[in-house]
Amino acid sequence: MPQKTSAIKDFVAGGFGGSCTVVVGQPLDTIKVRLQTQPLPAPGQKPLYAGTWDCALKTIRNEGFFGLYKGMAAPLVGVTPMFAVCFLGFGIGKKLQQTTPDQQLTAVQLFNAGMLSGVFTTAIMTPGERIKCLLQVQAASSGPKLYKGPIDVVKVLYREGGIRSIYKGTCATLLRDVPASGMYFMSYEWLKRSMAPAGKEGELSPIRTVVAGGIAGMLNWLVAIGPDVLKSRLQTAPEGKYPNGIRSVFVEIMKNEGPQALFKGATPVMIRAFPANAACFLGYEVAIKFLNMIAPNL
Ligand SMILES: CC(=O)O[C@H](CC(=O)[O-])C[N+](C)(C)C
């Protein structure tokens, strides 16, 4: 029988799953943002990074292994509550569509619940991504350092453009995360269900969780990668560069680089997606099991 969900448990376990995601996925996230935002080379010049491997090697050579963990404080502080809200939103989305607490939802209903979770997370995701991307890009540039750390980014952005500047990229984040979250939760639940032997759907299986979580993470990014490139460019651009937001970014990319640029960073994204999201769902399921054990009636 499916486990009855509780908003508090979803929130706490989701937060724990989120911190597992950051620890496992941060190095490849740094490489992704650096590849997506590296300056276009002058004619006849080589790009700063030839690809994923080259970017990893150059980062480790110039900044040490922990260069790959640059900007991790912001995601840890931001991603943990973001995933807490994400799993809470998914739980609420499921409850809104259930007529009885243990009713099994269809794939479309799971997709809808996932999309609701994407709307919930945008309030935390947008500033978190803005801070993270600015720090990741600054660490890669040889120019003057504008920000000392995440708090300083918030102070500088607030001084220059108020809350509006901190929330730059909200539409791009919604465009990325609403459909991607639908895909994420629908595929996870569906895969977990279809891999479970009959009658054992509610049992925790680390292998099934890792496989379903990893594949769900990759499917999430298959939907999210294009809007993610637009979002990273917009959030790291100087003020006023894109007067019409993501529409201006899109037009510029099509004109100068072509549609293939919308897949920039896809290799590190996909390499990261499996382990990071396997860790997330495993962390979530273990935490839920633990919470059910210590507080069965919560
Ligand atoms: C963009 C993002 O954070 O995607 C999450 C998966 C990941 O790889 O971090 C999924 N979700 C948007 C549902 C939080």
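For the structure itself, consult the block above.
Attention in this report is confined to the structure presented alongside it. Owing to the predicted nature of the structure, the values given are computational and were not obtained by experimental measurement.

Quick notes on the packing of aromatic side chains
The tally for this structure, following the rule as stated, stands at 12 aromatic pairs. Taking the centre distance of 5.9 Å and the plane angle of 55 degrees together, the rings of Phe-65 and Tyr-69 count as tilted. According to the relative accessible area criterion, Phe-65 is partly exposed, its value standing at 44%. Judged by centre distance (4.3 Å) and plane angle (20 degrees), the rings of Phe-87 and Tyr-284 are stacked. On the criterion of sequence distance, the pair formed by Phe-87 in helix α3 (residues 73-97) and Tyr-284 in helix α9 (residues 266-294) is long-range, its members being 197 residues apart. A residue is classified by how much of its surface remains accessible, and Tyr-284, at 11% relative accessible area, is buried.

Some points on empty space enclosed by the protein
For the coordinates displayed, the defined rule picks out one cavity of 30 Å³ or more. Residue lining of the largest cavity: 28 residues in total, with Met-82, Phe-83, Met-125, Trp-221 and Arg-272 positioned closest to the centre. Of all the secondary structure elements, the ones that give two or more residues to the lining of the largest cavity are α1 (7-37), α3, α4 (107-140), α6 (170-195), α7 (206-236) and α9. The element best represented in the lining of the largest cavity is α3, accounting for seven residues.

What to know about the packing of α4 against helix α5 (residues 150-166)
Any two packed helices are characterised by the angle at which their axes cross and by the distance between the axes. Relative to each other, α4 and α5 sit at 125 degrees, their axes nearing to 11 Å. One finds that α4 runs oblique with respect to α5. Crossing geometry of α4 relative to α5 is assigned as right-handed. Only Pro-150, Val-153, Val-154, Leu-157, Ser-165 and Ile-166 of α5 make contact with α4, whose side of the interface consists of Thr-126, Pro-127, Arg-130, Ile-131, Leu-134 and Leu-135. Taken together, the residues that form the contact of α4 with α5 break down as nine nonpolar, two polar and one charged.

Conventions used here
- Residues numbered from 1 in each chain as written.
- Predicted model: local features only at pLDDT ≥ 70, side-chain atom pairs only at ≥ 80, totals over all residues.
- Heavy atoms only, no water.
- Phe/Tyr/Trp six-rings, centres within 6.5 Å; stacked < 30°, edge-to-face > 60°.
- Buried < 20%, exposed > 50% of the residue type's maximum accessible area, 1.4 Å probe, protein only.
- Helix = DSSP H or I, 4+ residues; strand = E, 2+ residues; numbered from the N terminus.
- 1 Å grid on protein atoms, 1.4 Å probe; cavity = no way out; pocket = protein on both sides within 12 Å on 5 of 7 lines; lining within 4 Å.
- Points joined across faces, edges and corners; volume = space filled by probe spheres on them.
- Axes fitted to C-alpha atoms, helices over the stretch in contact; angles between N-to-C directions.
- Parallel < 35°, antiparallel > 145°, perpendicular 65-115°, else oblique.
- Left-handed = near helix turned anticlockwise from the far one by under 90°.
- Contact = heavy atoms within 4.5 Å.
- Nonpolar A, V, L, I, M, F, W, Y, C, P; charged D, E, K, R; others polar.

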